[in-house]
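Tertiary structure, described
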Amino acid sequence: MAILTLPDENRTIEDAGKILSYLAGIGIDYERWDYSRLVGPSASPAEILDAYANEIETLKAQGGYVTADVIDVNPQTPGLETMLAKFNREHWHDEDEVRYIIHGRGVFHIHPREGSVVSIEVEPGDLIRVPRGTWHWFNLCESREIRAIRLFQDPSGWAPNYTETGVDSKYQPVCFGGTYLPSQTL
Ligand SMILES: [Fe+2]
């Protein structure tokens, strides 16, 4: 389960029901997907997409997504820092940002037009949809690795539009799950 933090309020929400209702209140779709069918950690992108084919088709029908792929980065990934620097500043997309986390951890910061900035630490089994136009930014956790299914309405048009407000610099990406929580039982 994701860990939700409201840095401005010094508040962390770990109760599943409260996380779901809070995210729904700011327009973020969040689900947990059945983890038991997950293929092994060394599975190819094709094997991952095949394992989740039914869910992907359901999401495509719901959100008008036309393609899916697997993003797979780790500290050995060439150009990792450059890639991360594109997304760790506040931005929005003209498309939804949909991610299903297979491996690794990361932190989405969501900046609602009204209300507090929210930090969402995602982990394997989390499905998150950040609607188009939502101000947000993303960081990896300490292990600097993540593997996730992505869905696109138009992959050629998926690019960050920066707000250039600098608000992102006021928030440190804090990951809790990999440090003090016991191994997740999914
Ligand atoms: Fe983004």
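A brief structural summary. (Residues numbered from 1 in each chain as written. Predicted model: local features only at pLDDT ≥ 70, side-chain atom pairs only at ≥ 80, totals over all residues. Heavy atoms only, no water.)

**Some points on the coordination of the iron ion**
For the iron ion, every protein donor is listed as His 91 (NE2), His 93 (NE2), Glu 97 (OE) and His 136 (NE2), and the spread of their distances is 2.0 to 2.2 Å. Coordination geometry of the iron ion: the 4 donor atoms subtend angles of 84 to 172° at the metal centre, consistent with an arrangement described as irregular. Along the chain, the residues donating to the iron ion are arranged with the sequence spacing H-x1-H-x3-E-x38-H. On the basis of relative accessible area, His 91 is assigned to the buried category, the value being 1%. (Donors = N, O, S within 2.8 Å, 3.2 Å for Na, K, Ca; no water. Tetrahedral: all angles 85-135°; square planar, octahedral: opposite > 155°, others 65-115°. Buried < 20%, exposed > 50% of the residue type's maximum accessible area, 1.4 Å probe, protein only.)

**Some details on the pattern of salt bridges**
Where charged atoms from two side chains of opposite charge come close, those side chains can pair. Here the structure, examined in full by the defined rule, presents 13 salt bridges. In this structure, Arg 11 and Glu 9 form a salt bridge, with 3.2 Å as the shortest nitrogen-oxygen distance. Residue Arg 11 is classed as partly exposed on the basis of its relative accessible area, which comes to 37%. Under the relative-accessibility criterion, Glu 9 is labelled partly exposed at 37%. Among the salt bridges present, the one from Glu 121 reaches Arg 105, with a minimum N-O distance of 2.9 Å. With a gap of 16 residues between them, Glu 121 in strand β8 (residues 118-122) and Arg 105 in the loop between β6 (97-104) and β7 (106-111) connect regions that are remote in the sequence. With relative accessibility at 1%, the residue Glu 121 sits in the buried group. For Arg 105, a relative accessible area of 14% gives the class buried. (Salt bridge = Lys/Arg side-chain N within 4 Å of Asp/Glu carboxyl O. Helix = DSSP H or I, 4+ residues; strand = E, 2+ residues; numbered from the N terminus.)

**Considerations on the state of the cysteines**
Scanning the entire structure with this criterion turns up 1 disulfide. The disulfide that involves Cys 141 links it to Cys 175, with 2.0 Å between the sulfurs. Its torsion about the S-S bond being -90°, the disulfide of Cys 141 and Cys 175 is classed as left-handed. Within this pair, whereas Cys 141 is found in the loop between β10 (135-140) and β11 (146-152), its partner Cys 175 is found in the segment after β12 (161-162), the two being separated by 34 residues in sequence. Each member of the pair, Cys 141 together with Cys 175, is buried. (Disulfide = S-S within 2.5 Å.)

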